[in-house]
Amino acid sequence: MESEFIISLVYMIVGVSLGALSLLYIMIRQGEVSRVASVFYLVPVSAAVSAYLLFGETIEETTLLGASIVALGILLTNRKS
């Protein structure tokens, strides 16, 4: 139980705090803010995929539908005009 906590804590510190925020700042510096903001909609989708891969949770049809809508929205936002 303690090792799971340590792994989670390290992931939150390194992966989220340092990695994700650094990536966010790099993306903002190189592109439009609206395109960067659209990527935030991937957070629930990535959480569902992580839960499936790490914890064996099932992905339901509504989750797939929502992920498809998010993917379409991001595609429309980031396409070249």
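Remember, it's a predicted structure, so these values are computed and weren't measured experimentally. (Residues numbered from 1 in each chain as written. Predicted model: local features only at pLDDT ≥ 70, side-chain atom pairs only at ≥ 80, totals over all residues. Heavy atoms only, no water.)

*Asks:* I'm lost on the overall build of the chain in this one. Help?
*Replies:* Helix and strand counts for the chain stand at four helices and zero strands. Taken against the 2.2 N^0.38 rule, which gives 12 Å for 81 residues, the C-alpha radius of gyration of the chain at 15 Å runs more than 25% over that of a compact globule. On the principal axes, the C-alpha backbone points of the chain span a range of 50 × 35 × 10 Å. Scored against the burial criterion, the 81 residues of the chain give a buried share of 7%. As displayed, the chain has an accessible area near 6800 Å², and 70% of this comes from carbon and sulfur atoms. A distance of 28 Å separates the average location of the 4 positive side-chain charges in the chain from that of its 6 negative side-chain charges. (Helix = DSSP H or I, 4+ residues; strand = E, 2+ residues; numbered from the N terminus. Rg over C-alpha atoms; globule rule 2.2 N^0.38 Å. Buried < 20%, exposed > 50% of the residue type's maximum accessible area, 1.4 Å probe, protein only. Areas by Shrake-Rupley, 256 points an atom, 1.4 Å probe, with all protein chains shown as cover. Lys, Arg positive; Asp, Glu negative; His and termini not counted. Charge placed at Lys NZ, Arg CZ, Asp CG, Glu CD.)

*Asks:* I'm lost on the side chain of serine 38 in this one. Help?
*Replies:* Relative to the helices and strands, serine 38 resides in helix H2 (residues 33-38). For serine 38, the contacting residues outside a window of four places in its chain are Ile74, Thr77 and Asn78. (Contact = heavy atoms within 4.5 Å.)

*Asks:* Before we go on, may I ask you to explain helix H3 (residues 42-55) in this structure?
*Replies:* Three- or four-residue spacings in an α-helix give side chains the same orientation, since the helix completes a turn every 3.6 residues. Over its 14 residues, H3 runs 19 Å from end to end, which matches the ideal 20 Å to within 8%, given 1.5 Å per residue. A positive backbone phi angle near 70° is found at glycine 56, which sits one or two residues after H3. (Expected span 1.5 Å × (residues − 1).)

*Asks:* Teacher, can you tell me more about the environment of threonine 58 here?
*Replies:* Looking at the secondary structure, you find threonine 58 in the loop between H3 and helix H4 (61-78). Along the backbone, threonine 58 and leucine 72 are 14 residues apart, and their C-alpha atoms lie at a distance of 22 Å.

*Asks:* Sorry if this is basic, but what is going on with the packing of H3 against H4 here?
*Replies:* Where H3 meets H4, the closest approach of the two axes is 10 Å, and the angle between their N-to-C directions is 140°. Comparing their axes, H4 and H3 come out oblique. Remark: the crossing between H3 and H4 carries left-handed chirality. For the pair H3 and H4, contact is made by Leu42, Val45 and Ala48 and by Thr63, Ala67, Val70 and Ile74, respectively. Of the residues belonging to the contact of H3 with H4, the class tally is six nonpolar, one polar and no charged. (Axes fitted to C-alpha atoms, helices over the stretch in contact; angles between N-to-C directions. Parallel < 35°, antiparallel > 145°, perpendicular 65-115°, else oblique. Left-handed = near helix turned anticlockwise from the far one by under 90°. Nonpolar A, V, L, I, M, F, W, Y, C, P; charged D, E, K, R; others polar.)

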